[in-house]
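So you can see what is in the structure, the chains are spelled out below.
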Amino acid sequence: MVPSSPLVPNNDPTLLFTNAGMVPFKDVFTGAETRPYQRAVSSQKCLRAGGKHNDLDNVGYTARHHTFFEMLGNFSFGDYFKEQAIQFGWGLVTEGFGLDKDRLTVTVYHDDQEAFDLWKSIAGLPDDRIIKIATSDNFWSMGDTGPCGPCSEIFYDHGADIPGGPPGSPDEDGDRFIEIWNLVFMQYEQQADGSRLNLPRPSIDTGMGLERVAAVLQGVHDNYDIDLFRALIDASVSETGVRAVGQQRASHRVIADHLRAMSFLIADGVLPSNEGRGYVLRRIMRRAMRHAHMLGSSDPLMYRLVPALVDQMAGAFPELSRAQPLITETLKLEEDRFRTMLERGLRLLDEEKSKLSPSQALPGEVAFRLYDTYGFPLDLTQDALRSEGRNVDIAGFDKAMAQQRAQARAAWSGSGQQATDKIWYDIKERYGATEFLGYQENSAEASVL
Ligand code: ATP
Ligand code: MG
Ligand code: MG
Ligand code: MG
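Remember, predicted model here, so these are calculated numbers, not experimental data.

About the criteria used
Residues numbered from 1 in each chain as written. Chains lettered and ligands numbered in written order. Predicted model: local features only at pLDDT ≥ 70, side-chain atom pairs only at ≥ 80, totals over all residues. Heavy atoms only, no water. Patch = residues over 30% accessible without salt bridge, like charges linked within 9 Å, V, L, I, M, F, W, Y side chains within 5 Å. Areas by Shrake-Rupley, 256 points an atom, 1.4 Å probe, with all protein chains shown as cover. Salt bridge = Lys/Arg side-chain N within 4 Å of Asp/Glu carboxyl O. Helix = DSSP H or I, 4+ residues; strand = E, 2+ residues; numbered from the N terminus. Near = heavy atom within 4 Å. Polar contact = N/O pair within 3.5 Å; in protein donor to acceptor, adjacent residues only side chain to side chain. Phe/Tyr/Trp six-rings, centres within 6.5 Å; stacked < 30°, edge-to-face > 60°. Buried < 20%, exposed > 50% of the residue type's maximum accessible area, 1.4 Å probe, protein only. Lys NZ or Arg CZ within 6 Å of the ring centre and 35° of its normal. Axes fitted to C-alpha atoms, helices over the stretch in contact; angles between N-to-C directions. Parallel < 35°, antiparallel > 145°, perpendicular 65-115°, else oblique. Left-handed = near helix turned anticlockwise from the far one by under 90°. Contact = heavy atoms within 4.5 Å. Nonpolar A, V, L, I, M, F, W, Y, C, P; charged D, E, K, R; others polar. Donors = N, O, S within 2.8 Å, 3.2 Å for Na, K, Ca; no water. Expected span 1.5 Å × (residues − 1).

1. Focus: a nonpolar patch on the surface
Nonpolar side chains collect at one region of the surface, where Ile423, Trp424, Ile427 and Tyr431 lie side by side and expose about 470 Å² of accessible area between them. Assignment of secondary structure puts isoleucine 423 in helix H13 (residues 417-431).

2. Description of the site of ligand 1
Taken together, 16 residues sit near ligand 1, with Asp55, Arg64, His65, Glu179 and Asn182 positioned nearest. Here an oxygen atom of ligand 1 sits 3.0 Å away from a polar atom, N or O, in the side chain of arginine 48. Glutamate 153 has a polar side-chain atom sitting 3.4 Å from an oxygen atom of ligand 1. Alone, ligand 1 offers 600 Å² of accessible surface; in the complex the protein occludes 86% of this. Breaking the shell around ligand 1 down by element, the ones donating at least two residues are strand S4 (68-76), strand S9 (177-190) and strand S10 (196-209). Top contributing element to the shell around ligand 1 by residue count: S9, with four residues.

3. Side note on the environment of glutamine 360
Within the secondary structure layout, glutamine 360 lies in the loop between helix H9 (319-354) and helix H10 (364-374). Taking the C-alpha atoms as reference, glutamine 360 lies 39 Å from valine 220; in sequence the two are 140 residues apart.

4. Description of the packing of aromatic side chains
Tallied over the entire structure, the rule returns 15 aromatic pairs. The interplanar angle of 85° and the centroid separation of 5.0 Å between the aromatic rings of tyrosine 80 and phenylalanine 88 together place this pair among those described as edge-to-face. Between tyrosine 371 and phenylalanine 397, the aromatic rings sit 5.9 Å apart at their centres with planes inclined by 75°, giving edge-to-face as the arrangement. In this pair, tyrosine 371 sits in helix H10 while phenylalanine 397 sits in helix H12 (residues 394-415), placing the two residues 26 residues apart along the sequence. The class for phenylalanine 397 is buried, based on a relative accessible area of 5%. These aromatic residues form a ring-pair network of at least three members: Phe25, Phe29, Tyr37, Phe75 and Phe77. Sitting above the plane of the phenylalanine 116 ring, lysine 132 keeps its charged end 4.7 Å from the centroid. Above the plane of the ring of tyrosine 61 lies arginine 386, whose end atom (NZ or CZ) is 3.7 Å from the centre.

5. Structural notes on the packing of H9 against H10
Interaxial distance between H9 and H10 falls to 10 Å at its minimum, and their mutual angle equals 165°. The pairing of H9 with H10 is recorded here as roughly antiparallel in orientation. Between H9 and H10 the crossing geometry is right-handed. Between H9, through Phe338, Met341, Arg344, Gly345, Leu348, Leu349 and Glu352, and H10, the contact on the second element is made entirely by Val366, Arg369, Leu370, Thr373 and Tyr374. Here the contact of H9 with H10 is composed, by residue class, of seven nonpolar, two polar and three charged.

6. Observations regarding the coordination of the magnesium ion (ligand 4)
Donor atoms from the polypeptide that coordinate the magnesium ion (ligand 4) comprise Glu153 (OE) and Glu179 (OE), at 2.0 to 2.2 Å from the metal. Owing to a relative accessible area of 5%, glutamate 153 belongs among the buried residues under this scheme.

7. Observations concerning helix H2 (residues 82-96)
Helix length check: H2, at 15 residues, gives a terminal C-alpha distance of 19 Å against a target of 21 Å (1.5 Å per residue), a fit within 8%. For H2, the set of buried residues is Lys82, Ala85, Ile86, Gly89, Trp90, Gly91, Val93 and Thr94. In this structure, the buried side of H2 is in contact with strand S5 (104-109), helix H3 (113-123), strand S8 (146-157), S9 and S10.

Honestly, that's just the spatial picture; any functional story needs more than this.
So this is what it looks like as C-alpha cells:
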C-alpha cells in the first residue's frame, strides 16, 4: 500500500498536476526506476483542472465529475497481467462490494479479443454487456512514445429513470451508466516511427474513482449526494443561508468541489499566482468566489468552509490540518481582494450583455477587458454566460491579448526610459514612497527569500 503522492508531481515537470493514480509510478513502468515491490495499491489525490484532462467545465453539471478527487488503483510492474487483473477487478466489485452483476457493463478495446474472452469466462457476462470500443477511450498511452495498451472499463447502471445510454452509444455522456473503474493493460511500447513492440514484462495500471464508488455503495446516483459532499454542501448552505435548489444547487456543488481543490493545492504548496499551477489555483478560487457571490454572500465565504473540510478529510490527509492556517489566510486574502473587482466586472458584463441579441457571443474584446482590468479569467466569464447559453468570441479574445502584448513590447523598446518611469510613478502613487535601506543590509535577507 503506497501513500498518495502530492498533487504537484515530482517526477514530471511537463505535467501540471497529478491527474491519475499511475503518475507517481511512471518511471517504474518505463523501467527508469525500480522499487522493492512489483505490486502496489494506492489512493491517489488527483486534480483534473488544466492540461490534457480538464473537468472544470463539468463540475456542478454532471453527477460524476470533480476537479479534485481520489483515484484508487492497483498496479502490477511486470507481475500479474490481464487475466488476474480482470479477476481482481470483477472479484472486488461483485464479491467485495457486493454489487449486482446485472447492473454492470464492461468495455474492451475493439481488437482486444483476449480481454473480451476473459470477461466472458471470468464474469460470465453476456456478449451484449461486453462492449467493443474503437476510440482512444479504450486505448491508453503515456505519451507519443513509451508504454501503452488497450483498456477495459467497468460501468454501473444507475437505472432507467436517469437519462443516458450505455458506453459506445450516441448518448453515452449521460449519467445513467457511470464509469467506475478503468483497467489498463500495458502491453506495448510505442516507437517514434509509429510501430509498436511487445513489452517484455507487461504491466497493469487501474483507476477507480472513490467518490463514484462511494455513490454506488451509499445507494445514491450522484457523487454530490455522498456523505462527504453532503457535509460540505450543508456547510455552504448554512453559511450562506441559501438552499441548494435550482440554479443555486449548481453553485453549492461548484463551491464544495472547488473548496477541496483549492485547499489541497495550497496544502501541497501551490499558491495563487498569475502563471502555471498558481494560475490554475487562482482560476478555481475566483470561479468559486463568483458562485459565492451569486448566492448573495456579501462577505468572503470560502475560508469559512475550511473547518467543514478539515472535519471530513483531515483524518485521511493530515496535511490539511497542518496547512489549515495557511489555507484559511490565503482564501480570505484572495476573496477580500477579488470582491470589488468581481462586482465591478459583473456590472460591466451585464452592461455589455444588454447590448447583445440573445444568442450573440460576447465580443472577445469585452472578455479581454474583463480579464485585463478586472482579473476575470476567461473561463470565469464563460462560466458566467453558460446558464444563458451564450459563448465568448475566443478568437477575438486571443487577438486582443496578442495586440496588448505587442503594444507592451513596443512601448517598452520604443519609448525606453519614459515607459519605465511611468511604472515607478504608478507604484509610488499606489503604495507611497519607501525608504532605501542600502544593498548590504538587505542582501542576506534577499538571498533567503
Ligand atoms: P469519464 O469518462 O467519466 O470522464 P475518464 O474516462 O475520464 O472518466 P479515467 O481517466 O479512465 O476517467 O480515470 C479512471 C477513473 O477515475 C474513472 O473510471 C473514474 O472512476 C475516475 N474519475 C475520472 N475523472 C474523474 C473526475 N473528474 N471526478 C471523479 N472521478 C473521476
Ligand atoms: Mg473524463
Ligand atoms: Mg471515460
Ligand atoms: Mg476512463
